[in-house]
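Results of the structural survey
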Amino acid sequence: MNKNNKNLNALRILGVEAVNKANSGHPGIILGAAPIVYSLFTKIMNINPKNPTWFNRDRFVLSAGHGSGLLYSALHLSGFDLSIEDLKQFRQLNSKTPGHPEFQHTPGVEATTGPLGQGFAMGVGMALAESHLAAKYNQKDLEIINHFTYVLCGDGDLQEGVCQEAISFAGRYKLNKLIVIHDSNDIQLDAPVNVAQSENIADRFKAAGWNTLRIDNGEDLENIVKSIEKAQKNDKPTYIEVKTIIGIGATNQGTVKVHGAALGEDIKVVKDYFNWNESDFSIPSDVYNFYKENVLNRGVESNKKWNDLFEKYQLTFPQLATQLLNSINKEWDIDIDQLMNLNEKQEQATRVSSSNTFNWLSKNISSIIGGSADLSESTKIKGADGNYDFNNKTGRNIMYGVREFAMSAINNGIALHTGLLPIASGFFVFADYLKPALRMSAIMKIQTLSVFTHDSIAVGEDGPTHQPIEQLAMLRSIPNISVYRPCDMAETLASYYCALNNKTKPSVIVATRQNLKELDHSKDILNEVKKGAYLISKSQNADITLIASGSEVQLALEIKEILENKNHKVNVVSMVNMNEFLLQSKEYQNQIIDKNTKRFSIELSSTFGWHQFLGDSGVAFGVDTFGYSAPFNDVLKHIKFDAQNISQEILNSID
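Not measured: the values here are computed from a predicted model.

1. Quick word on the overall build of the chain
If you tally the helices and strands in the chain, you get 24 helices and 18 strands. Expected size for 655 residues packed as a compact globule is a radius of gyration near 26 Å; at 27 Å, the chain falls within 12% of this value. Reported as C-alpha extents along the three principal axes, the dimensions of the chain are approximately 90 × 60 × 45 Å. Here the chain holds 655 residues, and 61% of them are scored as buried. Residue pairs in contact within the chain that sit at least 24 positions apart in sequence constitute 77% of those at least 6 positions apart. With the model as given, the accessible surface of the chain reaches about 25600 Å², and the carbon-plus-sulfur share is 46%. Computed over 63 positive and 73 negative side-chain charges, the separation of the two mean positions in the chain equals 3 Å.

2. Concerning the environment of Asn56
Examined against the element boundaries, Asn56 turns out to sit in the loop between helix 2 (27-44) and strand 1 (59-62). Taking the C-alpha atoms as reference points, Asn56 and Ile144, 88 residues apart in sequence, are found 7.3 Å from one another. Not counting the four nearest positions on each side in its chain, Asn56 is found in contact with Ile144, Ile145, Asn146, His147 and Trp306. At a separation of 2.8 Å, a polar atom in the side chain of Asn56 contacts the main-chain amide nitrogen of Asn146. Polar side-chain contacts of Asn56 include one of 2.9 Å to the side chain of His147.

3. Concerning the domain arrangement of the chain
What the domain assignment reports for the chain is domain 1 (6-302), domain 2 (336-510) and domain 3 (532-654). Between domain 1 and domain 2, the C-alpha centre-to-centre distance is 32 Å. Taken residue by residue, the interface counts 34 residues in domain 1 and 34 residues in domain 2. Of the roughly 2900 Å² buried between domain 1 and domain 2, counting both surfaces, carbon and sulfur atoms make up 66%. In this assembly, domain 1 and domain 2 are joined by one salt bridge. Between Arg172 and Asp389 there is a salt bridge, and its shortest N-O distance comes to 2.9 Å. Joining domain 1 to domain 2, the criterion identifies 12 residue pairs in polar contact (both at pLDDT 80 or more). Those elements giving two or more residues to the side of domain 1 that touches domain 2 turn out to be helix 5 (118-137) and helix 6 (161-172). Residue classes in the side of domain 1 that touches domain 2 are distributed as 18 nonpolar, nine polar and seven charged.

4. Thoughts on the UniProt feature "site: Important for catalytic activity" (unreviewed entry) in the chain
In the numbering used here, UniProt assigns the feature "site: Important for catalytic activity" (unreviewed entry) to His26 and His259. A maximum C-alpha distance of 5.6 Å is found for the annotated residues, which run over 234 residues; spatially they form one tight group. For His26, the position within the fold is in the loop between helix 1 (6-22) and helix 2. Residue classification places His26 among the buried residues on the basis of a relative accessible area of 14%. Setting aside residues no more than four positions away along its own chain, His26 makes contact with Val19, His66, Arg91, His259 and Gly260. Relative to the elements of secondary structure, His259 occurs in the loop between strand 5 (238-243) and helix 9 (267-273). Under the relative-accessibility criterion, His259 is labelled buried at 12%.

Here is what the cut-offs are and how they apply
Position numbers for residues start from 1 in each chain and track the written sequence from start to end. In view of the model being predicted, local features appear only for residues whose pLDDT reaches at least 70, and side-chain atom pairs are presented and counted only at 80 or more, with totals across whole chains, interfaces and linings using the full set of residues. Only hydrogens and water are removed before side-chain values are computed, so all heavy atoms of the structure are retained for them. Numbering of helices and strands starts at the N terminus; helices are DSSP runs of H or I of at least 4 residues and strands are runs of E of at least 2. As defined in this context, the radius of gyration uses C-alpha atoms, and a globule is described by 2.2 Å times the residue total to the power 0.38. Burial status follows relative accessibility: with a 1.4 Å probe on protein chains alone, a residue under 20% of its type maximum counts as buried, one over 50% as exposed, and anything between as partly exposed. A contact between two residues is defined here by any heavy atoms of the two lying within 4.5 Å. Note on areas: these come from Shrake-Rupley sampling with a 1.4 Å probe, and a residue is covered only by the protein chains present in the view. The convention is simple: Lys and Arg are positive, Asp and Glu are negative, and His and the chain ends are not counted. Here the site of a charge means atom NZ of a Lys, CZ of an Arg, CG of an Asp or CD of a Glu. Pairs of N or O atoms within 3.5 Å make up the polar contacts considered here, provided that, within protein, one atom can donate a hydrogen while the other can accept it, and that residues adjacent in sequence are counted only when both atoms are side-chain atoms. Where each domain starts and ends follows an automatic or database-derived domain assignment. Computed with a 1.4 Å rolling probe, the buried area is the accessible surface lost when two parts are put together, summed over both parts. A pairing counts as a salt bridge when a side-chain nitrogen of Lys or Arg comes within 4 Å of a carboxyl oxygen of Asp or Glu. Three classes are used, and their members are as follows: Ala, Val, Leu, Ile, Met, Phe, Trp, Tyr, Cys and Pro are nonpolar, Asp, Glu, Lys and Arg are charged, and the others, Gly among them, are polar. UniProt positions are given in the numbering used here, feature names are shortened, and annotations may be inferred rather than shown by experiment.

Below, the structure written as structure tokens:
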């Protein structure tokens, strides 16, 4: 037992003191998992608290994000820019110590976690990024990329479906620099784990191709360190199950009562148990000195050695070094004229336009990596340089398998690692499966790219299960995201270009299966798409404005002709990106959508969200029911979604 290990117990006590002061948090994991975190920080990981973004640092992901109090204690003691006062403000407004770890908010936090399972999958992405970049850039005697990813997960993490997807993926690709440590205390929020789960977790990992280890005593520091060091030498990812006691030292240790409620007066029992006699939030100087010597100084020295190594690398391989630094800094070298000249101005599906654009970008930006959830033949998104695999780690096409949620969460991990720009693709209706990971991208303000095809009920014969209705409204409703629905090749090229420059948010490109005509555009198409919406056709003294996106822009132009033959003057707006349009000035918005006109929206999806542009007398033409299984022209005819029917309804509403 470690009842008298003052350096370890400082972690525990600081954490539960923060929880107690906030009267909110999760003391159980803080007390039980502290030996794991202590071992990682003081004995294992190469990290530099004075340079938290050092590129070759080891990554630590607290997938069990409710244990944030433990992480904050470790970061503070290790010398990160996190003070005792910050710990006292745990879970308070605008503090650096929020309820769950937040990336780019607290120094040393590698990923935003809390929604269980996603941290695990992001760790998989970080390990994949390390393996790919190491294979791409390391040279003999100049291994500038060589680090591990450690994930601390709990029982609840491993019950999430995304974890099973990620476990299977990591085992298949032999991500041996990934070490997952399971705080296995057999307790979850409602009840003991065996109420909800009965399988042997280690056997699950073995079946997926992982190396597995078990530590029966979670207080055995020596065994924890030896097990991690053993895992580092394995050629597979490693799962280490550590049997811990949740809330050890508390009156209710080992029960659900210590999972998610402050200890209150029972903190005295805990302090007595661990022989802790200091006043609240008071840490002896010798404890600080211990962490300075075993974390900070060690990390500074490792960082310095790496800097010297990288200087040699830059002298010996200047082009590779520049390429890597540009990738880390997201400095894409794109010839805009060459990009826009890809437009052959021929009728084609925007999924084809998307594919042609992506293929060119992938050849010209070496840091683009990714693929699809077993749909590359349909989405036409396939990374360059062959398939990524353990025997071809420089391949940039990732075969994610039918694992949409893990695909997007893994890509978040790739983006968090830095040095790569991840892309994911699938059918648009299946955005439902990965929406939580897209939301996490937006929260973390990281750049990922998702390309969804088969974007409306024009999918046709596949029927309502494969025809998206509410997905556009769903994704557009996420804060800090860009959702592009281009109407042709020109808008597709511009959408990709804008997405590459959206460096603090995820971007989504939504494309058609059916062919679309190439429309006439101004030379300022890049800037127009950047602003989210623009007038693709303008009339003097217009009395009607039609607002459309994607495949319905062409339809709106046809409706315009019919209405103008009825003595109306019509503006047509292409709403390629509603999210970006809503960020523009009111002056610009009113310039594009004239409030003095009768306004109508036209989009083959839910009308939800469109009425904000239409006023009291406007009409949203869309699809607020599920679809039908039939050739898509028959489906459109059945729901009367064509120029003649819509124009007549517009005329009826005006007369």
